[in-house]
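Residue-level structure breakdown
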2 protein chains.
Amino acid sequence: MRLVTIEDIRGAAGRIAADVVRTPLLPAGWGDPDRPLWLKPENLQPIGAFKIRGAFNALGLLDPHVRARGVVAYSSGNHAQAVAFAAARYGVAAHIVMPEETPAVKVDATRAHGAQVVLCAAGQRERVASELVERTGGVLIPPFDHPAIIAGQGTAGLEIAEDLPSVATVLIPISGGGLASGIGTAIRALCPQAKVFGVEPELAADTAEALASGHLVDWPVAQRNRTIADGLRSTPSALTFAHLQHVLDGVITVSEDEIRTAVGELAHSAHLVAEPSGAVALAGYRRGTLPDGPAVVIVSGGNIEPALLGHILAG
Amino acid sequence: MRLVTIEDIRGAAGRIAADVVRTPLLPAGWGDPDRPLWLKPENLQPIGAFKIRGAFNALGLLDPHVRARGVVAYSSGNHAQAVAFAAARYGVAAHIVMPEETPAVKVDATRAHGAQVVLCAAGQRERVASELVERTGGVLIPPFDHPAIIAGQGTAGLEIAEDLPSVATVLIPISGGGLASGIGTAIRALCPQAKVFGVEPELAADTAEALASGHLVDWPVAQRNRTIADGLRSTPSALTFAHLQHVLDGVITVSEDEIRTAVGELAHSAHLVAEPSGAVALAGYRRGTLPDGPAVVIVSGGNIEPALLGHILAG
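Residue numbers restart at each chain and count upward from 1, following the sequence in its written direction. Written order decides the labels, with chains lettered from A and ligands numbered from 1. Totals for whole chains, interfaces and linings use every residue, but because this is a predicted model, local features are given only for residues with pLDDT of at least 70 and side-chain atom pairs only at 80 or more, for both listing and counting. Calculation of side-chain values draws on the structure's entire complement of heavy atoms; hydrogens and water are dropped beforehand.

**Quick word on the relation of the copies chain B and chain A**
Only residues with pLDDT of at least 70 in both copies count here: their C-alpha atoms drive the least-squares fit that superposes the copies. For the pair chain B and chain A, the best superposition has an RMSD of 0.0 Å and corresponds to a rotation of 180° with a translation of 0.0 Å parallel to the axis. Such values leave the two copies arranged in the relation of a two-fold axis. Residue G310 of chain B, judged by its C-alpha, is the member of chain B lying nearest the rotation axis, at 1.9 Å. Comparing interface residues between copies, 100% of those in chain B also lie at the interface in chain A; the contact surface is shared. The contact definition used throughout considers only heavy atoms, calling two residues in contact when any of these lie within 4.5 Å.

Spelled out as structure tokens, the structure:
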């Protein structure tokens, strides 16, 4: 299996530069003095999440004649909006397959970018997406299981290496593993001294178990779906798992309470609105046993229901 | 009266670069299509507000032998934390005079940066600060009435001109007027096509009245203190007023409801936590009659009580 390289990531960086925010590293004075805390606020991307990096790289890599036929994706979350947004920028059609139970606010946000949303029963989305690909001739843009997506997400790691070459630790949320695969590849290549940790909710810690056992494990969907971190309920593919085995120094698991606390801490101390999935890496920073030196926490997304954030802030 | 120049601002930019976050311009797709909205998130600065720019420039300009005697400031708000933070970075003592009724959370945050906080009765803070200057030999760092402060705040304008030279409108909150004086000076020099608007709460619209009448006016403190935007209750000095007369195309005033709505919109749509004072410029963007073309809104600070933000988000 060919793994994504730093050259793939450099190529992606040039490809997406005009459409993606080059997020700063924010020094957070309220971290542990021995492990100065820096935040990478990917929640400030146009659709509120890092997913836009991979989507723009995947669309940008398509032959223009192929891309003109449009794109198809299945997602109930940030990948849906990312593909819809990138397709609109490229002026091509997007069909997004979403489960019927997706909150209306997410369906509306995806439609607002001009995408056609196709609702389907849970468990049917891959089949419906395949039919759409066949019918429209569009290209399927998967959420993480593709080298172009991994390389696109890796551009965040390239930026970390540019801004803080002395980084000692990088903490990255893990779901399907595209973000951790990409950032991990960049950090391994450019900052070989740094430790790279994935962070997962205890309730969806399938990757921690998989890395410990050396092979992918299958946690039931109903079990993974218990976590408040609704963006972290996927499980790696063979492709992302191969990357994670290569680039991670370990996986830290965190409790639901620790995730909620991290959401509140980011709002109060960093003035950032993070969704639970976007706050787990901070929870991992608090929980983990990390080396001394600068630590970078990826704040991967900000699409939280205002009522939930209000509830967390009210204590 | 000598006004601050673009050269002063360029000098400040070099002086503060190592200590201040170079905030990105964030494209906000949810603005008016004819006036694409960009946000300048100064709430992401280390102490959660733009005030750090002026504080670092003022301390940086002091002769090292003078600076070693320490600094003094009076403020109940973000300037207190900014001076305390900058003094700690320079390794010099800071005495901060705060009114007795200052919320404990702000007193604690100032002390956390290593400053000595001196509490005093309301209306006594300038006298107490003068006594501290006399007793300690420290240098008074005023919140806005000083060319070094204005030039420091102006570095945000320099960054806007670098990132978006085609900007058509810049909207800036006004209190003492240091931020609008500095940014306005930079924009006038580098983007002469752009309109520069101050934004004030209707309940503290003394600057709108002053600019209309051509001279400073004195709104009673009790009247200005009614606005929820607790960082916008000051009034310009002769120095900042002279700048504002020179650089502003107008002042937009906004209601308390519009300010609250803007706080919610920044949290929900931009994933930024803004204090009411930090959200008024967005309210002005919604309220004002602006030219077509790109508009930059300064999100000046993020130090809001979590309970208030929670209340606004709960609707």
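**Structural notes on the domain arrangement of chain A**
Quoted interface sizes are often the accessible area lost when the parts come together. Residues and elements named next belong to chain A. Structurally, chain A comprises domain 1 (6–47 + 146–314) and domain 2 (53–140). Placing a centre on the C-alpha atoms of domain 1 and another on those of domain 2 gives a separation of 24 Å. Contact residues are listed per partner, giving 24 residues for domain 1 and 16 residues for domain 2. Carbon and sulfur atoms make up 54% of the surface buried where domain 1 meets domain 2, a total of about 1,600 Å² over both sides. Buried area is a sum: the accessible area each of two parts loses on coming together, probed at 1.4 Å, counted once for each and added. When the buried surface of domain 1 facing domain 2 is broken down by residue, R15, D19 and I47 rank first, second and third, together holding 38% of it. Residue ranges assigned to the domains are those given by an automatic or database domain assignment.

**Description of empty space enclosed by the protein**
Using only the protein atoms, space was sampled on a 1 Å grid; points where a 1.4 Å probe fits but cannot get out form cavities, open sets with protein on both sides within 12 Å along at least five of seven lines form pockets, and lining residues are those with an atom within 4 Å of a point. Grid points are joined across faces, edges and corners, and a volume is the space filled by probe spheres set on the points. Counted under the stated rule, the structure contains 3 cavities of 30 Å³ or more. What lines the largest cavity is simply N43, L44, Q45 and P46 of chain A together with L26, P27, A28, W30, L39, S269, A270 and H271 of chain B. Under the scheme used here, helices are H or I runs from DSSP no shorter than 4 residues and strands are E runs no shorter than 2 residues, and both carry numbers assigned from the N terminus. Mapped onto the lining of the largest cavity, the elements with two or more residues apiece are β1 (26–28) and α12 (256–270) of chain B. When residues of the lining of the largest cavity are assigned to their parent elements, the largest contribution, 3 residues, is made by β1 of chain B. Think of it as three bins: nonpolar holds Ala, Val, Leu, Ile, Met, Phe, Trp, Tyr, Cys and Pro, charged holds Asp, Glu, Lys and Arg, and polar takes everything else, Gly as well. Each residue belonging to the lining of the largest cavity can be placed in one class, and the counts come to 8 nonpolar, 4 polar and no charged.

**Overview of the packing of aromatic side chains**
Pairing of aromatic rings covers Phe, Tyr and the six-membered ring of Trp, with a centre-to-centre limit of 6.5 Å; geometry is then stacked below 30 degrees between planes, edge-to-face above 60, and tilted otherwise. Per the stated rule, a full pass over the model turns up 4 aromatic pairs over all chains. Taking the centre distance of 6.0 Å and the plane angle of 80° together, the rings of F56 of chain A and F85 of chain A count as edge-to-face. Note that F56 of chain A is positioned in helix α2 (residues 51–61) and F85 of chain A in helix α4 (residues 78–90), a separation of 29 residues in sequence. Comparing F56 of chain A with F85 of chain A shows no difference in burial state: the two are buried. Geometrically, the ring pair formed by F56 of chain B and Y90 of chain B is tilted, given 6.3 Å between the ring centres and 45° between the ring planes. Of this pair, F56 of chain B sits in helix α2 (residues 51–61) while Y90 of chain B sits in helix α4 (residues 78–90); the two residues are 34 residues apart in sequence, bridging distant segments of the chain. Y90 of chain B sits in the partly exposed class, given a relative accessible area of 29%. Three or more aromatic residues joined by ring pairs make a cluster, and in this case those are F56, F85 and Y90 of chain A. Above the plane of the ring of Y285 of chain A lies R35 of chain A, whose end atom (NZ or CZ) is 5.1 Å from the centre. Buried, partly exposed and exposed residues are distinguished by accessible area as a fraction of the type maximum, computed with a 1.4 Å probe on protein chains only: under 20%, between the cut-offs, and over 50%, respectively. Here, a charge over a ring means that NZ of Lys or CZ of Arg falls within 6 Å of the ring centre while also lying within 35 degrees of the ring normal.

**Overview of helix α9 (residues 206–213) of chain B**
Residue and element names in this part refer to chain B. D206, T207 and A210 are the residues of α9 that are buried. Seen end-on, α9 carries its buried residues on one side only, within an arc spanning 90°. Against the buried residues of α9 lie β8 (195–201), α10 (221–224) and α11 (238–247). Residue G214 follows α9 closely and has a positive phi angle near 85°. What the arc describes is the spread of directions from the helix axis to the C-beta atoms.

**Some words on the pattern of salt bridges**
All names here are of chain A. Throughout this description, the term salt bridge denotes a Lys or Arg side-chain nitrogen within 4 Å of a carboxyl oxygen of Asp or Glu. A complete count under the given rule lists 28 salt bridges over all chains for this structure. Here R22 makes a salt bridge to E162, at a shortest N to O gap of 2.8 Å. One end of the pair, R22, is in the loop between α1 (6–16) and β1 (26–28); the other, E162, is in helix α7 (residues 147–163), and 140 residues separate them in sequence. On the accessibility criterion, R22 (37% relative accessible area) is partly exposed.

**Comments concerning the environment of K106 of chain B**
Residues and elements named next belong to chain B. Residue position: K106 is located in helix α5 (residues 104–112). Sequence separation of K106 and D34 is 72 residues, and the distance between their C-alpha atoms is 40 Å. When sequence neighbours within four positions are dropped, the list of residues in contact with K106 reads S76, G77, M98 and D230.

**Considering unusual backbone geometry**
The phi angle at H271 of chain A is positive, at roughly 60°, despite the residue not being glycine. Structurally, H271 of chain A can be placed in the loop between α12 (256–270) and α13 (276–287).

**Some words on the UniProt feature "domain: Tryptophan synthase beta chain-like PALP" (unreviewed entry) in chain A**
UniProt positions are given in the numbering used here, feature names are shortened, and annotations may be inferred rather than shown by experiment. As recorded in UniProt, the feature "domain: Tryptophan synthase beta chain-like PALP" (unreviewed entry) lies at residues 20–301 of chain A. The span residues 20–301 of chain A shows a helical share of 45% and a strand share of 17%, and its end C-alpha atoms are spaced 14 Å apart.

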